[in-house]
Amino acid sequence: MSEHRGPRILLEHCWSLVDGIEAYNLDCPEGVAQSDAKTMIGAVADSPGPQRHLTEWIGAIVSLPTTLGDQNKAAQQAIDLIELDIQSR
């Protein structure tokens, strides 16, 4: 899959904005192969530069998603899995 196709897939199939309400489809097609995603996450986890920026970005948006309901639960599950993966390294 081309490197530019992943974001397009996300916008076309995994995200919508209707009447000002943002929604995410958790059953959307993969934009990146699982093996490639694992390699990329590993590179970020092993590199101190991006981590500093991700921490700053997460801190800036932490209070925004107050009305996303089930999406907040899915996001928390993803965060928990990422933290477990990082701790296992």
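Preceding this section is the structure that the text describes.
Each chain carries its own residue numbering, running from 1 in the written order of its sequence. Thresholds applied to this predicted model are a pLDDT of at least 70 for local features of residues and 80 or more for the giving and counting of side-chain atom pairs; totals over whole chains, interfaces and linings are not thresholded and use all residues. Here the side-chain values reflect all heavy atoms present in the structure, with hydrogen atoms and water set aside.

Is there a simple way to explain the overall build of the protein in this structure?
Secondary structure summary: the protein contains four helices and two strands in total. The secondary structure listing takes helices from DSSP runs of H or I that are at least 4 residues long and strands from runs of E that are at least 2 residues long, numbered from the N terminus. Going residue by residue from the N terminus, the α and β elements of the protein occur as α-β-β-α-α-α. Pairs at least 24 residues apart make up 36% of the contacts formed inside the protein by residues separated by at least 6 positions. Carbon and sulfur atoms make up 60% of the accessible area of the protein, which amounts to about 7500 Å² in all. Throughout, a residue-residue contact means that at least one pair of heavy atoms, one from each residue, lies within 4.5 Å. Using a 1.4 Å probe, accessible areas were evaluated by the Shrake-Rupley method; residue-level cover was limited to the displayed protein chains.

I keep staring at the pairing of strand β1 (residues 15–18) and nothing clicks. Help me out?
Here four bridges tie β1 to strand β2 (residues 21–24), and the two strands are oriented antiparallel to one another. Opposite Ser16, over in β2, you have Ala23 as the bridge partner. From the end of β1 to the start of β2, which pair antiparallel, there are two residues, and Asp19 there has a positive phi angle of about 50°. Here, any two strands with at least 2 DSSP bridges between them count as paired.

Help me understand unusual backbone geometry, please; the structure alone is not making it clear to me.
Excluding glycine, residues mostly have negative phi values, and the peptide bonds linking residues are mostly trans. With phi around 50°, Asp19 is a residue other than glycine that occupies positive phi space. Residue position: Asp19 is located in the loop between β1 and β2.

Where do I start with the environment of Ile9 in this structure?
Within the fold, Ile9 resides in helix α1 (residues 5–14). To sort residues, take the accessible area from a 1.4 Å probe on protein chains only and compare it with the maximum for the residue type: under 20% means buried, over 50% means exposed, and anything in between is partly exposed. Judged by relative accessible area, Ile9 falls into the buried class, the value being 7%. C-alpha separation for the pair Ile9 and Val32, spaced 23 residues apart in sequence, amounts to 9.6 Å.

Hey, could you run me through the environment of His13 in this one?
Structurally, His13 can be placed in helix α1. Using a relative accessible area of 43% as the deciding quantity, one classes His13 as partly exposed. On a C-alpha basis, the gap between His13 and Leu26 in space is 9.7 Å, while along the polypeptide they are 13 residues apart. With residues near it in sequence (within four places) discarded, His13 still touches Asn25, Cys28 and Pro29.

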